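# Per-entry structural report
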Amino acid sequence: MQDLARQRCFNHSGREAVAICLDCNNLFCRECITEHEDRVICANCLSGLKADETKKNRGAFLRPLLRTSLFLGSLLFLWLSFFYLGQFLLEMPSSFHEGTLWQNLLQTI
Ligand SMILES: [Zn+2]
Ligand SMILES: [Zn+2]
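What comes next concerns the included structure. (Residues numbered from 1 in each chain as written. Chains lettered and ligands numbered in written order. Predicted model: local features only at pLDDT ≥ 70, side-chain atom pairs only at ≥ 80, totals over all residues. Heavy atoms only, no water.)

### Side note on the overall build of the protein
Here is the rule: Each helix corresponds to a stretch of at least 4 residues labelled H or I by DSSP, and each strand to a stretch of at least 2 residues labelled E; elements are numbered beginning at the N terminus. Buried, partly exposed and exposed residues are distinguished by accessible area as a fraction of the type maximum, computed with a 1.4 Å probe on protein chains only: under 20%, between the cut-offs, and over 50%, respectively. The criterion used for residue contact is that any of the two residues' heavy atoms lie within 4.5 Å. Here the open area of atoms and residues is found with the Shrake-Rupley method and a 1.4 Å probe, where only the protein chains shown may cover a residue.
Along the protein, the regular secondary structure elements total four helices and four strands. In sequence order, the secondary structure elements of the protein are arranged as α-β-β-β-β-α-α-α. Counting the 109 residues in the protein, one finds 14% classified as buried. Partitioning the intrachain contacts of the protein with sequence separation of at least 6 by distance along the chain shows that 3% fall at a separation of at least 24. Accessible surface computed for the protein: about 9,200 Å², of which carbon and sulfur atoms make up 61%.

### Some thoughts on a nonpolar patch on the surface
The following threshold applies: The patch calculation keeps residues exceeding 30% relative accessible area without a salt bridge and links them within 9 Å when they carry like charges or within 5 Å when they are nonpolar (Val, Leu, Ile, Met, Phe, Trp, Tyr). The salt bridge definition used is simple: a Lys or Arg side-chain nitrogen within 4 Å of an Asp or Glu carboxyl oxygen.
Judged by side-chain polarity, Phe 77, Leu 78, Phe 82, Leu 85, Phe 88 and Leu 89 come together as a nonpolar surface patch covering roughly 640 Å² of accessible area. Position of Leu 78 among the secondary structure elements: in helix 2 (residues 43-91).

### Structural notes on the packing of aromatic side chains
Rules: What counts as a ring pair is set by centres within 6.5 Å for rings of Phe, Tyr and Trp (its six-membered ring), and what kind of pair is set by the plane angle: stacked under 30 degrees, edge-to-face over 60, tilted for all other angles.
Going through the model one piece at a time under the given rule, you end up with three aromatic pairs. Relative to Phe 28, the ring of Phe 10 lies with its centre 5.7 Å away and its plane at 65°, an arrangement referred to as edge-to-face. Taken as a pair, Phe 10 in the loop between helix 1 (2-5) and strand 1 (19-20) and Phe 28 in strand 2 (residues 27-28) lie far apart in primary sequence, 18 residues in all. The exposure class of Phe 28 is buried, given its relative accessible area of 1%. Ring centres of Phe 83 and Tyr 84 lie 5.4 Å apart, and the angle between their planes is 75°; this geometry places the pair in the edge-to-face category. Among the aromatic side chains, those forming a connected cluster through ring pairs are Trp 79, Phe 83 and Tyr 84.

### Here we look at the coordination of the zinc ion (ligand 2)
Condition: Note: metal donors comprise N, O and S atoms at 2.8 Å or less from the metal (3.2 Å for Na, K and Ca); water molecules are not included, so apparent gaps in a site are possible. Donor angles set the geometry label: tetrahedral for four donors if every angle is between 85 and 135 degrees, square planar for four and octahedral for six if opposite donors exceed 155 degrees and the others are between 65 and 115, irregular for anything else.
With distances of 1.9 to 2.3 Å, the protein atoms coordinating the zinc ion (ligand 2) are Cys 9 (SG), His 12 (ND1), Cys 29 (SG) and Cys 32 (SG). Between the four donor atoms coordinating the zinc ion (ligand 2), the angles at the centre fall across 102 to 117°, so the site counts as tetrahedral. Sequence spacing among the residues donating to the zinc ion (ligand 2) works out to C-x2-H-x16-C-x2-C. Linking His 12 in the loop between helix 1 and strand 1 with Cys 29 in the loop between strand 2 and strand 3 (33-36), this pair joins segments that are 17 residues apart in sequence. A relative accessible area of 28% places His 12 in the partly exposed class. Overall, the relative accessible area of 3% leaves Cys 29 in the buried class.

### A look at a negative patch on the surface
Keep this limit in mind: Residues counted as positive are Lys and Arg, residues counted as negative are Asp and Glu, and His and the chain ends are not counted. Every charge is mapped to an atom, namely NZ of Lys, CZ of Arg, CG of Asp or CD of Glu.
Residues Glu 35, Glu 37, Asp 38, Asp 52 and Glu 53 make up a contiguous surface patch of negative charge. Tracing the chain through its elements places Glu 53 in helix 2.

### Description of the coordination of the zinc ion (ligand 1)
Coordination of the zinc ion (ligand 1) by the protein is provided by Cys 21 (SG), Cys 24 (SG), Cys 42 (SG) and Cys 45 (SG), with metal-donor distances spanning 2.2 to 2.3 Å. Given four donor atoms and angles of 103 to 113° at the metal, the environment of the zinc ion (ligand 1) is assigned as tetrahedral. Counting the intervening residues between successive donors of the zinc ion (ligand 1) yields the motif C-x2-C-x17-C-x2-C. Taken together, the residues Cys 21 in the loop between strand 1 and strand 2 and Cys 45 in helix 2 connect sequence positions 24 residues apart.

Any functional reading would require information that these geometric values do not contain.
Laid out in structure tokens, this is it:
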């Protein structure tokens, strides 16, 4: 029992350990241990969890960004296709726009 009472914090050799981290199974003092989502966890593991969460959040942030860029890309593609269609129409002889070209074609048939 004396050995158990002498258990020291993983981070502070001068402090008495009060809890075991459920993640890394190391002993920690009251200052080093915290509760996260009803789990007793040490500061190291908590920062690890938070890094994971920020990674997840970054991914969640990127997804709509990707969707937006895809949307903008398709919009740009549409705009360009209309632009070139307009240019194509402008390059065509004016008789086409007047409808006389079709009339001529109909006459030849
Ligand atoms: Zn831990
Ligand atoms: Zn400590």
